[in-house]
Amino acid sequence: MKPSVKPANPNFSSGPCSKRPGYDLSSLRTDTLGRSHRSALGKSVLEHACDQTAKLLKLPEGYRVGIVPASDTGAFEMAMWTLLGERPVDVFSWESFGKGWASDITQQLKIRELTSYSADYGHLPDLSQANPDNDIVFTWNGTTSGVKVPNGDWISDQRRGLTLCDATSAVFAMPMPWQKLDVVTYSWQKVLGGEGAHGMLILSPRAVERLETYTPPWPLPKIFRLTKDGKLIEGIFRGATINTPSMLCVSDYIDALDWVEQMGGVDETIARSLRNLAVLEQFVNSREWIHFLAAEPAERSNTSVCLTVDLPPEQVKLMIRKLEAEQVAYDIGAYRDAPAGLRIWCGATVEMSDLEKLVPWIEWAYQSCKEEAGIESTGH
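Residues numbered from 1 in each chain as written. Predicted model: local features only at pLDDT ≥ 70, side-chain atom pairs only at ≥ 80, totals over all residues. Heavy atoms only, no water.

Engineer: Can you walk me through the pairing of strand 8 (residues 183–187) in this structure?
Structural biologist: Each regular strand displays side chains that alternate between the two surfaces of the sheet. Burial analysis of strand 8 places 5 of its 5 residues in the buried class, the great majority of the element. Covered by surrounding structure in strand 8 are Val183, Thr185 and Ser187 together with Val184 and Tyr186, the residues of both alternating faces. With 3 bridges joining them, strand 7 (residues 163–166) and strand 8 adopt parallel strand pairing. Bridge assignment links aspartate 166 to a residue of strand 8, and that residue is threonine 185. Inspection of the sheet shows strand 8 paired to strand 9 (residues 198–203) by 5 bridges, in the antiparallel sense. Among the inter-strand pairings, tyrosine 186 is bridged to a residue of strand 9, identified as methionine 200. (Buried < 20%, exposed > 50% of the residue type's maximum accessible area, 1.4 Å probe, protein only. Helix = DSSP H or I, 4+ residues; strand = E, 2+ residues; numbered from the N terminus. Pairing = 2+ DSSP bridges.)

Engineer: What should I look at first to understand a positive patch on the surface in this one?
Structural biologist: Residues Arg38, Lys43, Lys222 and Arg225 make up a contiguous surface patch of positive charge. Within the element layout of this structure, arginine 38 appears in the segment before helix 1 (40–57). (Patch = residues over 30% accessible without salt bridge, like charges linked within 9 Å, V, L, I, M, F, W, Y side chains within 5 Å. Areas by Shrake-Rupley, 256 points an atom, 1.4 Å probe, with all protein chains shown as cover. Salt bridge = Lys/Arg side-chain N within 4 Å of Asp/Glu carboxyl O. Lys, Arg positive; Asp, Glu negative; His and termini not counted. Charge placed at Lys NZ, Arg CZ, Asp CG, Glu CD.)

Engineer: How do you make sense of the pattern of salt bridges when you look at a structure like this?
Structural biologist: Where charged atoms from two side chains of opposite charge approach closely, those side chains can pair. One pass over the structure, following the stated rule, counts 21 salt bridges. Across the salt bridge formed by aspartate 182 and arginine 159, the nearest N and O atoms sit 3.1 Å from each other. With a gap of 23 residues between them, aspartate 182 in the loop between strand 7 and strand 8 and arginine 159 in the loop between strand 6 (147–148) and strand 7 connect regions that are remote in the sequence. For the pair shown, aspartate 182 and arginine 159 are each scored as buried. Of the charged contacts in the structure, one is a salt bridge between glutamate 363 and arginine 287, with a shortest N-O distance of 2.4 Å. On the criterion of sequence distance, the pair formed by glutamate 363 in helix 8 (residues 352–373) and arginine 287 in the loop between helix 6 (266–285) and strand 12 (290–292) is long-range, its members being 76 residues apart. Glutamate 363 gets classed as buried once you look at its relative accessible area, which sits at 14%. Shared partners join several salt bridges into a network, and the residues in it are Glu86, Arg87, Asp135 and Arg210.

Engineer: Would you mind showing me how to read the environment of phenylalanine 237 here?
Structural biologist: Mapped onto the secondary structure, phenylalanine 237 falls in the loop between strand 11 (231–232) and helix 5 (247–263). Taking the C-alpha atoms as reference, phenylalanine 237 lies 6.1 Å from arginine 64; in sequence the two are 173 residues apart. Discounting chain neighbours no more than four positions away, the residues touching phenylalanine 237 are Cys50, Arg64, Val65, Gly66, Leu201, Leu203, Leu226 and Leu232. (Contact = heavy atoms within 4.5 Å.)

Engineer: Would you mind showing me how to read the packing of helix 6 against helix 8 here?
Structural biologist: Helix-helix packing is characterised by the crossing angle of the two axes and by the distance between the axes. Put simply, helix 6 and helix 8 touch, their axes get as near as 9 Å, and they point 25° apart. Overall, the two elements helix 6 and helix 8 adopt an arrangement that is roughly parallel. Once helix 6 is placed against helix 8, the crossing between them reads as right-handed. Contacts from Arg275, Asn276, Val279, Leu280 and Phe283 in helix 6 reach Met352, Leu355, Glu356, Val359, Ile362 and Glu363 in helix 8. Looking at the contact of helix 6 with helix 8 residue by residue, the class counts come to 7 nonpolar, 1 polar and 3 charged. (Axes fitted to C-alpha atoms, helices over the stretch in contact; angles between N-to-C directions. Parallel < 35°, antiparallel > 145°, perpendicular 65-115°, else oblique. Left-handed = near helix turned anticlockwise from the far one by under 90°. Nonpolar A, V, L, I, M, F, W, Y, C, P; charged D, E, K, R; others polar.)

Engineer: Mind showing me how you'd approach the sheet that holds strand 12 here?
Structural biologist: The strands that make up a sheet pair up through hydrogen bonds in the backbone, lying either parallel or antiparallel. Read from one edge to the other, the open sheet built from 3 strands follows the order 12-13-14, with strand pairing classed as antiparallel. Unpaired on one side and paired on the other, strand 12 and strand 14 (342–345) mark the two borders of the sheet. Recorded for the sheet is a direction-independent mean angle of 35° between the axes of neighbouring strands. Where helix 8 meets the sheet, it contacts strand 12, strand 13 (304–309) and strand 14, and its direction lies at approximately 170° from that of strand 14.

Below, the structure is given as structure tokens:
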């Protein structure tokens, strides 16, 4: 039978992600609107966003946080273009975005001393192959595959190279071993449910040292330049952004940071995400027709949860359309390059109660599509 109770919030998109519970656009700070981002007011608000980020993430002493253009993609491209090329590179990829970074390193930067380790959707490559003498490029959480790095034990504390980590769907949702990470990027529109177009760049002192002692052999566009006359442009990490940000989006980001702080900090946002994943785990483990794309439980993402269904791809798409038509789940189709299935966001801005209301609808949609296709029943 069709369920009668719907999620209060049907937004389960993996980016941009759901706004925080209780979000109210009218509560955002607006005194910065219509003012220059380079005014004393604008710079103070931008610097506050960086400082509050560092505080909530418990970054080690000496780590810098900056707001940069073009979301996580812009932040990570900036890191690769300014830092890579000084030594050989190991790149690990197991989904669309990681493979994109590998492609850019080979086809755009044309770094010849490159070793690529890849795996199919649902699996991790052999991370133990990482060479501590090389720079390491990887994603912490595969947003399009639902497979995450379980920990940072494979990264050497005595490494000579830098670690560049695309953590766009991991920061604020997964424990990050900051001492092992030299460059971390993320965007506001993932775990915090912020707006798009702005990226966050976190640099360790080792990354800063590389920037100040190494000049890449390729030209750098203005929006990638982090140094001037061989020194880090510290202003970027103190509110003096490279280009003009949306101050309305900045206010929205600070609203999300305030929410995290009010809840008790990053430990609570991580806990909320894990509780959300547990709802789907209980549902999947009790049914034979739906499965996690991630092969190993320890590697299951607790944000971008990817599931496969024992139906032909067209029937899976029909399931998704049915759920959207009923206004119970929006934007939960698998990424276009990934195996057909569902991708359900379980980050901290999603309420566990909404996931509990969603899963009976997934059951209904599956049974409905199966009957329409004339497929024999499988186990509950």
